[in-house]
Every structure is written in structure tokens, then in C-alpha cells.
Amino acid sequence: MIVCHCMSISDHEIRAAVDWMRAADPSTIITPGKVYHALGKKADCGGCMPVFLDTMRSCESFGVAGDPARPAAPMLKPMRARRLG
Ligand code: FES
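Residues numbered from 1 in each chain as written. Predicted model: local features only at pLDDT ≥ 70, side-chain atom pairs only at ≥ 80, totals over all residues. Heavy atoms only, no water.

(A) Local environment of the packing of helix 1 (residues 11–24) against helix 3 (residues 49–57). At a minimum axis separation of 9 Å, helix 1 and helix 3 run at an interaxial angle of 50°. Viewed along their axes, helix 1 and helix 3 adopt a mutual orientation that is oblique. Seen along the crossing, helix 1 lies across helix 3 with a hand that is right-handed. Of the residues in helix 3, those touching helix 1 at Asp-11, Ile-14, Arg-15 and Val-18 are Phe-52, Thr-55 and Met-56. The class makeup of the residues in the contact of helix 1 with helix 3 is four nonpolar, one polar and two charged. (Axes fitted to C-alpha atoms, helices over the stretch in contact; angles between N-to-C directions. Helix = DSSP H or I, 4+ residues; strand = E, 2+ residues; numbered from the N terminus. Parallel < 35°, antiparallel > 145°, perpendicular 65-115°, else oblique. Left-handed = near helix turned anticlockwise from the far one by under 90°. Contact = heavy atoms within 4.5 Å. Nonpolar A, V, L, I, M, F, W, Y, C, P; charged D, E, K, R; others polar.)

What follows is the structure, given as C-alpha cells:
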């Protein structure tokens, strides 16, 4: 699924970039800007940010181990349930 239409970035590419960054540095804080940079692109309109962030947070490797502010296991289901409710 295309997440960022301006830059044609798919959910698969975002997940691959998050996994790659986590493998390269277990303690790095992964941000949308870092994902764009890893993919060699820049955000344009920013309209994709909510879905872009949800995609990043759904990655098993998104969180930093031992950091309660960024848990290794994302809490995606409660966030989605809140939107649908
Ligand atoms: S849709 Fe992603 S920057 Fe515009």
C-alpha cells in the first residue's frame, strides 16, 4: 500500500527502513525524517504523516528496548480501536 503519495513510499519500504535503522543502531530514535532520509527522499505536503507514523509504530523493531517511552512492542491495537470507535 502506498503511504506517501508525494514520494511514492509504500508501507513495505517504511518497515524495511525502520528494520534497517534498528539493526544498525539498537538505541536510535527513529523519526519520520530519518525514514525519509534512509529512503533518499524528503516529505512534501505532510498529509501522509498520521498513516506514516502508524506504519512506523506497527513495526516490531520500532521501539527502543528498555525505554518505557518507546516500548519495543507498540500499542497499535488500542490506537486503531480508538479511531474506529
Ligand atoms: S503524501 Fe507524504 S509528503 Fe505528501
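(B) View of the environment of Met-1. Here Met-1 is to be found in the segment before strand 1 (2–4). Judged by relative accessible area, which is 63%, Met-1 ranks as exposed. In this structure, the C-alpha to C-alpha distance between Met-1 and Asp-11, residues 10 residues apart in sequence, is 5.8 Å. Ignoring sequence-local partners within four residues, the contact set of Met-1 consists of Ile-9, Ser-10, Asp-11 and Val-51. (Buried < 20%, exposed > 50% of the residue type's maximum accessible area, 1.4 Å probe, protein only.)

(C) The arrangement of the side chain of Ser-61 in detail. Mapped onto the secondary structure, Ser-61 falls in the loop between helix 3 and helix 4 (76–84). Ignoring anything within four residues of it in the chain, the contact list for Ser-61 reads Val-18, Asp-19, Arg-22 and Ile-30.

(D) Geometry of the environment of Gly-47. Among the structural elements, Gly-47 can be located in the loop between helix 2 (32–38) and helix 3. A relative accessible area of 59% means that Gly-47 is categorised as exposed. For the pair formed by Gly-47 and Cys-4, sequence separation is 43 residues and the distance between their alpha carbons is 8.0 Å.

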